[in-house]
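# Secondary and tertiary structure notes
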Amino acid sequence: MVFAPTPLLTVTVDQPGDEPELHLHPGGQGVWQARMISSLGVPVVLCASIGGEIGQVLEPLLSSEGVDLRTVRRHSTNGGYVHDRRDGVRHEVVDVPGHALTRHELDELYNLALGEGLRAPVSVLSGPNQPSLVPPEVYRRFAADLGDNGSRVVVDLSGEHLTAVLDSGVFFCKISHEELLRDGLARDDSTEELTGVLYDLHHAGAQTVLVSRADEPALALVDGEVFEVEMPRLQAADPRGAGDSMTAGVAAVVAVGGDIRTAIRTGAAAGALNVTRHGLGTGRLDSITGLVDRVRLVPAGSRPQERTTPDDLAHRVVER
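Read on for an overview of the structure. Note that the structure is predicted; figures quoted are calculated from it, not measured.

Attention now goes to the nonpolar core. Grouped together as the largest cluster of nonpolar side chains are 48 residues, with contacts concentrated most on Ile37, Leu46, Phe172, Val229, Ile260 and Ile264. Not counting chain neighbours up to four residues away, the residues in contact with Val229 comprise Pro217, Ala218, Ala220, Ile264, Ala268, Val295, Arg296 and Leu297. In terms of nonpolar packing, the next biggest core, distinct from the first, is built from 42 residues, Leu125, Leu146, Leu198 and Val211 among them.

This is the structure:
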């Protein structure tokens, strides 16, 4: 199950030849993750809210994604964006975030997604396109209710939403080093500093943690050991969406009973392949499978998992 509370309508102007082209697709983190999970051959239920004029266009597009769509009607509108990519680089023309969900709409969406999540072996909690649209407390409750009842919770969140789910505990957490720096969780992007953050996030509530590092190998904490995730370098057509594809690859493998190391290697392959394409969260199953064997988890050193006390965490924050 993928929880995608605020999906977007994406409009992209492209010009691969003599004439410009207009592309309309559903988007947002949860949609891109669900798309990749489906591409990997794993059935996925997408739980989302739909409303307004944008929602009227968005719903049939979501229905054509090859996922099992479950929606809650909202009175306000979904968001969306328009990008101009005619010169080969994305330029934002307009970004409409949409409106926050009301308490009643949140209750309906929560009940819908909880029911689907309790029937699924893995639940992916994706973030809203703007943090203010869905309160972090909803994510805290979700992670607790799903985790306590046997569902493995996978997250790709940051800020207060990440803190909220860690309080409840999650099976797998993916975050980028840029988000760690932005949120003040890391002082710099050195391997030593990010390794310390991996352990901090583990002690805070994440069983397995992966930090993506743009052009550098990702770092993963698995069973107490830190690995660098080495993968073949591929020429990027569009660098966006690699992180979401990585999270989706992990969720897909775990959902069908695969081990976490294979899941991370598959996620890395999915992320690497996604950047060679213009569609976010897309990739051929055979191509991803062919890349998995080329991804290596190389030990980067480990340290004893000493328990981090609240005073230790407070001291670390003060130092930063």
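Of all eleven residues in helix H1 (residues 29-39), nine are buried; the element is thus mostly enclosed. Inspection of H1 places Gln29, Gly30, Val31, Trp32, Gln33, Ala34, Arg35, Met36 and Ile37 among the buried residues, and these make up the whole buried set. Just past H1, the residue Gly41 takes up positive phi, approximately 85°.

This part is about the environment of Glu137. When you line up the elements, Glu137 lands in helix H4 (residues 136-147). Given a relative accessible area of 39%, Glu137 falls into the partly exposed group. Spatially, the C-alpha atom of Glu137 lies 7.8 Å from that of His161, the residues being 24 residues apart in sequence. Reaching out from Glu137, the side chain makes a polar contact with the side chain of Arg140 at a distance of 2.7 Å.

With that settled, consider the packing of aromatic side chains. Working definition: an aromatic ring pair is given by the centre-to-centre distance plus the angle between the planes. One pass over the structure, following the stated rule, counts three aromatic pairs. The interplanar angle of 65° and the centroid separation of 4.8 Å between the aromatic rings of Phe3 and Phe142 together place this pair among those described as edge-to-face. Taken together, the positions of Phe3 in strand E1 (residues 2-3) and Phe142 in helix H4 put the pair 139 residues apart, joining distant regions of the chain. Given a relative accessible area of 0%, Phe142 falls into the buried group. Measuring from ring centre to ring centre gives 4.7 Å for Tyr110 and Phe142, while their planes differ by 35°; the resulting arrangement is tilted. On the criterion of sequence distance, the pair formed by Tyr110 in helix H3 (residues 103-118) and Phe142 in helix H4 is long-range, its members being 32 residues apart. The burial state of Tyr110 is the same as that of Phe142; both residues are buried.

For the rest of this paragraph, the subject is unusual backbone geometry. The phi dihedral of Asp223 is positive, around 50°, even though this residue is not glycine. Tracing the backbone shows Asp223 in the loop between strand E12 (216-222) and strand E13 (225-230). Owing to a relative accessible area of 62%, Asp223 belongs among the exposed residues under this scheme.

This part covers the side chain of His83. Structurally, the position occupied by His83 is in strand E6 (residues 79-84). Separated by 3.1 Å, the side chains of His83 and Arg90 make a polar contact.

This brings us to a nonpolar patch on the surface. Together, Leu22, Leu24 and Val57 make up a nonpolar patch on the protein surface, roughly 250 Å² of accessible area in all. The topology assignment puts Leu24 in strand E3 (residues 21-27).

Turning our eyes to something else, we now look at helix H8 (residues 242-255). Over its 14 residues, H8 extends 20 Å from the first C-alpha to the last, a length consistent with the 20 Å expected when each residue adds 1.5 Å. Counting buried positions along H8 yields twelve of 14 residues, so the element is predominantly enclosed. For H8, every residue scored as buried is listed here: Gly243, Asp244, Ser245, Met246, Thr247, Ala248, Gly249, Val250, Ala251, Ala252, Val253 and Val254. Positive phi appears at Gly257, one or two residues downstream of H8, with a value of about 95°.

Below, the discussion takes up the pairing of strand E8 (residues 122-126). Extensive coverage of E8 is indicated by the burial of five of its five residues. Going residue by residue along E8, you find Val122, Val124 and Ser126 tucked away on one face and Ser123 and Leu125 tucked away on the opposite face as well. For E1 and E8, the ladder comprises two bridges, and the chain directions are parallel. Counterpart to Val2 in the pairing with E8 is Val124. What joins E8 to strand E9 (residues 152-156) is H4, and the crossover it makes is right-handed.

The subject of this paragraph is the packing of H4 against helix H5 (residues 159-168). Angle between the axes and distance between the axes: these two values describe a pair of packed helices. Contact geometry of H4 with H5 gives a least axis separation of 8 Å together with a crossing angle of 25°. One finds that H4 runs roughly parallel with respect to H5. The two elements H4 and H5 meet at a crossing, and its hand is right-handed. Across the interface between the two elements, Pro136, Tyr139, Arg140, Ala143 and Ala144 of H4 pack against Glu160, His161, Ala164, Val165 and Ser168 of H5. Residues belonging to the contact of H4 with H5 are distributed by class as follows: six nonpolar, two polar and two charged.

About the cut-offs
Residues numbered from 1 in each chain as written. Predicted model: local features only at pLDDT ≥ 70, side-chain atom pairs only at ≥ 80, totals over all residues. Heavy atoms only, no water. Core = buried A, V, L, I, M, F, W, Y, C linked by side-chain atoms within 4.5 Å. Buried < 20%, exposed > 50% of the residue type's maximum accessible area, 1.4 Å probe, protein only. Contact = heavy atoms within 4.5 Å. Helix = DSSP H or I, 4+ residues; strand = E, 2+ residues; numbered from the N terminus. Polar contact = N/O pair within 3.5 Å; in protein donor to acceptor, adjacent residues only side chain to side chain. Phe/Tyr/Trp six-rings, centres within 6.5 Å; stacked < 30°, edge-to-face > 60°. Patch = residues over 30% accessible without salt bridge, like charges linked within 9 Å, V, L, I, M, F, W, Y side chains within 5 Å. Areas by Shrake-Rupley, 256 points an atom, 1.4 Å probe, with all protein chains shown as cover. Salt bridge = Lys/Arg side-chain N within 4 Å of Asp/Glu carboxyl O. Expected span 1.5 Å × (residues − 1). Pairing = 2+ DSSP bridges. Right-handed = clockwise from strand over helix to strand, strands pointing away. Axes fitted to C-alpha atoms, helices over the stretch in contact; angles between N-to-C directions. Parallel < 35°, antiparallel > 145°, perpendicular 65-115°, else oblique. Left-handed = near helix turned anticlockwise from the far one by under 90°. Nonpolar A, V, L, I, M, F, W, Y, C, P; charged D, E, K, R; others polar.

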